[in-house]
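# An overview of the molecular structure
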Amino acid sequence: MKEALQSIKSLADELVANAANEQVIEELRVRFLGKKGELTGILKQMGSLTAEERPVIGALANEVRNAIEEDIATRKKQLADEALKIRLTAESIDVTMPGVQPKQGKRHPFQQVLDELKEIFLGMGFSIETGPEVELDHYNFEMLNMPKSHPARDTQDTFYITENILLRTQTSPMQIRTMEKQKPPIRIICPGRVYRSDAVDATHSPIFHQIEGLVVDTDITFSDLKGTLEAFIKQLYGAETRVRFRPHHFPYTEPSAEMDMSCFKCGGKGCSMCKGEGWIEILGCGMVHPKVLENCNIDSEVYSGYAFGIGLERIAMMRYGIDDMRLFYENDLRFLKQF
Ligand code: DAH
């Protein structure tokens, strides 16, 4: 019996020490120490021993049980330590590795220029309006002195949803919408997207952006228009910038003009940017036509006003010295990141 106990111990020692995982250990525990296990099997035979032998074998059996329990505890700890070590190596962080810098977004150059432009006009007491891009023919043309037969419509073909609903070709309809809902004094700008049936090239896009301006009050004169627009351009492009006004025609202003600014690149000497002219056309403007005021129930004998329309693309191209408008729309990060 003594030998049997000893051989159980040495077998258990060896098997437990080599157990590959917790599950194997548990199987061994049941095999040696369980109710139907090998050690219990031996103890059941104790009855056949003499009175002298019994305490000796009993003590030995306890010793073997304790030894196996200890083996099991030791092996379990070993396995846990190994597992921890493996995890620590696997999850180790190399603090000397360079970090991953999060990518930071930026405002599109249009948005940057528009924000600057808004600031300038807000500073001069203007407020900002917005209006629908899907517009009525009535507002886009009719109320602006461009009846159905008017030749000025030829250059402003657009997408018609119905005969009288279209994608606006200009932000000018916002002049009418504003005057209909608000009585003078009026001092607004209205930035927004406009649409024309134009093929894409370096200076044209079927979708582009304008900023409309409208001022209506008593005693508004052409000199108010000139002073305000000159102040605007100087703030945007620098105090040394000069402006000039050329007579033009728009059906909704009288008189009408186009404003040029001295070329920001050559200062007026003539270069590739201004095509040797020294001047760059920047916006259309004029005194609001009395008929347009009357269309909106504003007494043209009492009130007068001026209006202007700025092309955002043009302003942004000048600002950043870009000669191809398509770059703005391609969303190529290598381009956009530069601003
Ligand atoms: N609507 C004109 C265009 O799209 C721009 C313009 C010119 C707007 C003169 C105005 C203005 O308000 O007075 O070409």
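Residues numbered from 1 in each chain as written. Predicted model: local features only at pLDDT ≥ 70, side-chain atom pairs only at ≥ 80, totals over all residues. Heavy atoms only, no water.

## Quick word on the state of the cysteines
Cysteine pairs can be covalently joined through their sulfur atoms, and such a bond is termed a disulfide. By the definition in use, this model includes zero disulfides. Looking at the unpaired C271, the closest cysteine sulfur is the one in C266, lying at 3.7 Å. As a non-bridged cysteine, C296 has C190 as the owner of its nearest cysteine sulfur, 14 Å distant. According to the relative accessible area criterion, C296 is buried, its value standing at 3%. (Disulfide = S-S within 2.5 Å. Buried < 20%, exposed > 50% of the residue type's maximum accessible area, 1.4 Å probe, protein only.)

## Some details on the site of the ligand
Around the ligand there are 15 residues in total, and Q170, R196, Q210, E212 and Y252 lie nearest to it. Between the ligand and Y252, the relevant distance is 2.8 Å, taken from a nitrogen atom to a side-chain nitrogen or oxygen of the residue. Within the backbone of F308, an N or O atom sits 3.4 Å from an oxygen atom of the ligand. Contributions of two or more residues to the shell around the ligand are made by β5 (207-217), β8 (279-288) and β9 (304-311). Classifying every residue of the shell around the ligand by side-chain character gives five nonpolar, eight polar and two charged. (Near = heavy atom within 4 Å. Polar contact = N/O pair within 3.5 Å; in protein donor to acceptor, adjacent residues only side chain to side chain. Helix = DSSP H or I, 4+ residues; strand = E, 2+ residues; numbered from the N terminus. Nonpolar A, V, L, I, M, F, W, Y, C, P; charged D, E, K, R; others polar.)

## Thoughts on helix α2 (residues 22-33)
Over its 12 residues, α2 extends 16 Å from the first C-alpha to the last, a length consistent with the 16 Å expected when each residue adds 1.5 Å. For α2, every residue scored as buried is listed here: I25, L28, F32 and L33. One face of α2 carries all of its buried residues, which in axial projection span an arc of 95°. With a side-chain oxygen positioned 3.1 Å from the backbone nitrogen of Q23, the residue opening α2 is N21. (Expected span 1.5 Å × (residues − 1). Arc of directions from axis to C-beta.)

## What about the packing of helix α5 (residues 109-123) against helix α8 (residues 222-237)?
Axis separation between α5 and α8 bottoms out at 10 Å; the angle between their running directions is 135°. Judged on the interaxial angle alone, α8 and α5 are oblique. The chirality of how α5 crosses α8 is right-handed. Residues E116, L117, I120 and F121 of α5 pack against F232, Q235 and L236 of α8. A class-by-class count of the residues in the contact of α5 with α8 yields five nonpolar, one polar and one charged. (Axes fitted to C-alpha atoms, helices over the stretch in contact; angles between N-to-C directions. Parallel < 35°, antiparallel > 145°, perpendicular 65-115°, else oblique. Left-handed = near helix turned anticlockwise from the far one by under 90°. Contact = heavy atoms within 4.5 Å.)

## A few points about a nonpolar patch on the surface
Together, V134, F159 and I161 make up an exposed nonpolar region whose accessible area comes to about 300 Å². Given the relative accessible area of 43%, I161 is considered partly exposed. (Patch = residues over 30% accessible without salt bridge, like charges linked within 9 Å, V, L, I, M, F, W, Y side chains within 5 Å. Areas by Shrake-Rupley, 256 points an atom, 1.4 Å probe, with all protein chains shown as cover. Salt bridge = Lys/Arg side-chain N within 4 Å of Asp/Glu carboxyl O.)

## Considerations on unusual backbone geometry
Cis geometry is adopted by the peptide bond preceding P185, which originates at P184 and carries an omega value of 5°. Along the chain, P185 turns up in the loop between α7 (173-181) and β4 (186-195). Positive phi values are uncommon outside glycine, yet K275 reaches one of about 55°. Within the secondary structure layout, K275 lies in the loop between β7 (253-262) and β8. Although it is not a glycine, N331 adopts a positive phi angle of roughly 55°. Summarising the element assignment, N331 is placed in the loop between α11 (326-329) and α12 (333-336).

## Topic: the nonpolar core
Counting 44 residues, the largest nonpolar core has F232, L283 and F308 as its most contacted members. Of all the secondary structure elements, the ones that give two or more residues to this core are α5, β5, α8, β7, β8, β9, α10 (312-320) and α12. Those residues in contact with L283, other than ones at most four positions away along the chain, are L229, F232, A257, E258, M259, F308, G309 and I310. (Core = buried A, V, L, I, M, F, W, Y, C linked by side-chain atoms within 4.5 Å.)

## Some remarks on the packing of helix α1 (residues 2-17) against helix α4 (residues 53-90)
Look at α1 against α4: their axes get within 9 Å of each other, and the N-to-C directions meet at 5°. Our classification of the angle between α1 and α4 gives roughly parallel. From α1, K2, L5, Q6, I8, K9, A12, D13, V16 and A17 reach across to α4, where they touch I57, L60, A61, V64, A67, I68, D71, I72 and R75. Classifying every residue of the contact of α1 with α4 by side-chain character gives 12 nonpolar, one polar and five charged.

## Some details on the pairing of β9
Note: β5 against β9, eight bridges, orientation antiparallel. Within β9, the residue paired with E212 across the bridge is G309. (Pairing = 2+ DSSP bridges.)

## Considerations on the domain arrangement of the protein chain
Domain annotation for the protein chain reports domain 1 (2-90) and domain 2 (109-336). Of note, the centres of domain 1 and domain 2, computed from C-alpha atoms alone, are 93 Å apart. (Domains from an automatic or database assignment.)

## Comments concerning the packing of aromatic side chains
The full count for this structure, using the stated rule, is 13 aromatic pairs. Relative to F245, the ring of F222 has its centre 6.2 Å away and its plane inclined at 75°; by these criteria the two rings are edge-to-face. Of this pair, F222 sits in helix α8 while F245 sits in strand β6 (residues 243-250), and the two are 23 residues apart along the sequence. A residue is classified by how much of its surface remains accessible, and F222, at 23% relative accessible area, is partly exposed. The exposure class assigned to F245 is partly exposed, which follows from its relative accessible area of 21%. Judged by centre distance (5.0 Å) and plane angle (70°), the ring pair of F335 and F339 falls under edge-to-face. Accessibility classification places F335 together with F339 in one group, the buried group. (Phe/Tyr/Trp six-rings, centres within 6.5 Å; stacked < 30°, edge-to-face > 60°.)

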